[in-house]
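One letter stands for each residue in the lines below.
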Amino acid sequence: MNPNPNSSRNVYRSRCGVYSTYAYTEVYNCIFDSVNYGIDERYLGAALESYLTSNTINAYQCGINLMDNDGSDHITVEYNTIKILPLVKSGIGIYAGESNSHHTTTYLLNSNSVKIANSTSGIQTNGVSNAQLTYNIVELQNPGVYTSPTTAGIEISGGGANYLSCNHVSGHTVDSVPRYGYRIAQSQGNIIQCNVADSTSYSFRFEGVACNNTVLKGNYMGNAYCGLYLNQD
């Protein structure tokens, strides 16, 4: 899928901009506005690939939703600009989830820009291993008149052996309101280096008994209620 020649919106006011299952997928430079899901991609099988690049997405529920793509070669998500509209508290900018704990999919999330206000997370993985998250920018905007839920810029839940480097999360709070820069839960063996968390209540939060063998080095924790929070409960 390619952009419209007049730079107009490809999809406007729809449940989903692109819905793809069991298919090799390429989506470049498209505009999806006022949609529930910008791109919803599931069940890529053996040797299939996906390239989601340089798209502009204004979504209510999820900008890019990737689920159960075990067996695919790799899924590349890069240079996308995503804004989650402040109506649904469960909104997520980019989501990648795998129900098979031994999946072989490689997720490459690189240089995306995500803005959320009263949503759950900017970038979230669930049960994903061996993913690479690099050079992403997440802004936790002031929720304004909305009540912000527990929010994380980048959230890693389950899985393990993921690589997070040179990401930047900024927020608009330094009190104890639960807005985290990076939240790692029940996920072990990750490498987290050279990332920035600025003006979030908690810069880095680790929780759950399975967060062992993590490498945490060279990260910046600035203007926070708590820089590093460790909780094995």
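Residues numbered from 1 in each chain as written. Predicted model: local features only at pLDDT ≥ 70, side-chain atom pairs only at ≥ 80, totals over all residues. Heavy atoms only, no water.

**So, the sheet that holds strand 7 (residues 74-78)**
- Strand order in this open sheet of eight strands is 3-5-7-10-13-16-19-22, and the pairing throughout is parallel. Sheet topology places strand 3 (25-28) and strand 22 (215-217) at the edges, where each strand pairs with a single neighbour. Each adjacent strand pair in this sheet contributes to an overall mean axis angle of 5 degrees, direction not counted.
- Looking at chain direction, strand 16 (residues 163-165) and strand 19 (residues 191-193) are connected through three bridges and run parallel. Bridge pairing links Leu164 to Ile192 in strand 19. (Pairing = 2+ DSSP bridges. Helix = DSSP H or I, 4+ residues; strand = E, 2+ residues; numbered from the N terminus. Axes fitted to C-alpha atoms, helices over the stretch in contact; angles between N-to-C directions.)

**Details of the pairing of strand 12 (residues 121-126)**
- Counting buried positions along strand 12 gives five out of six residues, so the element sits mostly inside the fold.
- In terms of strand pairing, strand 12 meets strand 15 (residues 151-157) through five bridges, oriented parallel. Bridge pairing in strand 15 places Ser121 opposite Ala152. (Buried < 20%, exposed > 50% of the residue type's maximum accessible area, 1.4 Å probe, protein only.)

**Examining the nonpolar core**
- Counting 40 residues, the largest nonpolar core has Phe32, Ile64 and Ile154 as the members making the most contacts within it.
- Top contributing element to this core by residue count: strand 6 (residues 56-67), with four residues.
- Setting aside residues no more than four positions away along its own chain, Phe32 makes contact with Met1, Asn10, Val11, Gly17, Val18, Val27, Gly38, Ile39, Asn55, Thr56, Ile57 and Asn58.
- Listed in part, the five residues of the second largest apolar core include Cys16, Tyr37, Ile92 and Tyr95. (Core = buried A, V, L, I, M, F, W, Y, C linked by side-chain atoms within 4.5 Å. Contact = heavy atoms within 4.5 Å.)

**Quick look at the environment of Arg205**
- Tracing the sequence through the fold places Arg205 in strand 21 (residues 202-207).
- Separated by 22 residues in the primary sequence, Arg205 and Arg183 place their C-alpha atoms 4.8 Å from one another.
- Within the local environment of Arg205, its side chain forms a polar contact with the side chain of Glu207, the two groups lying 2.5 Å apart. (Polar contact = N/O pair within 3.5 Å; in protein donor to acceptor, adjacent residues only side chain to side chain.)

On their own, these measurements won't tell you what the molecule is for.
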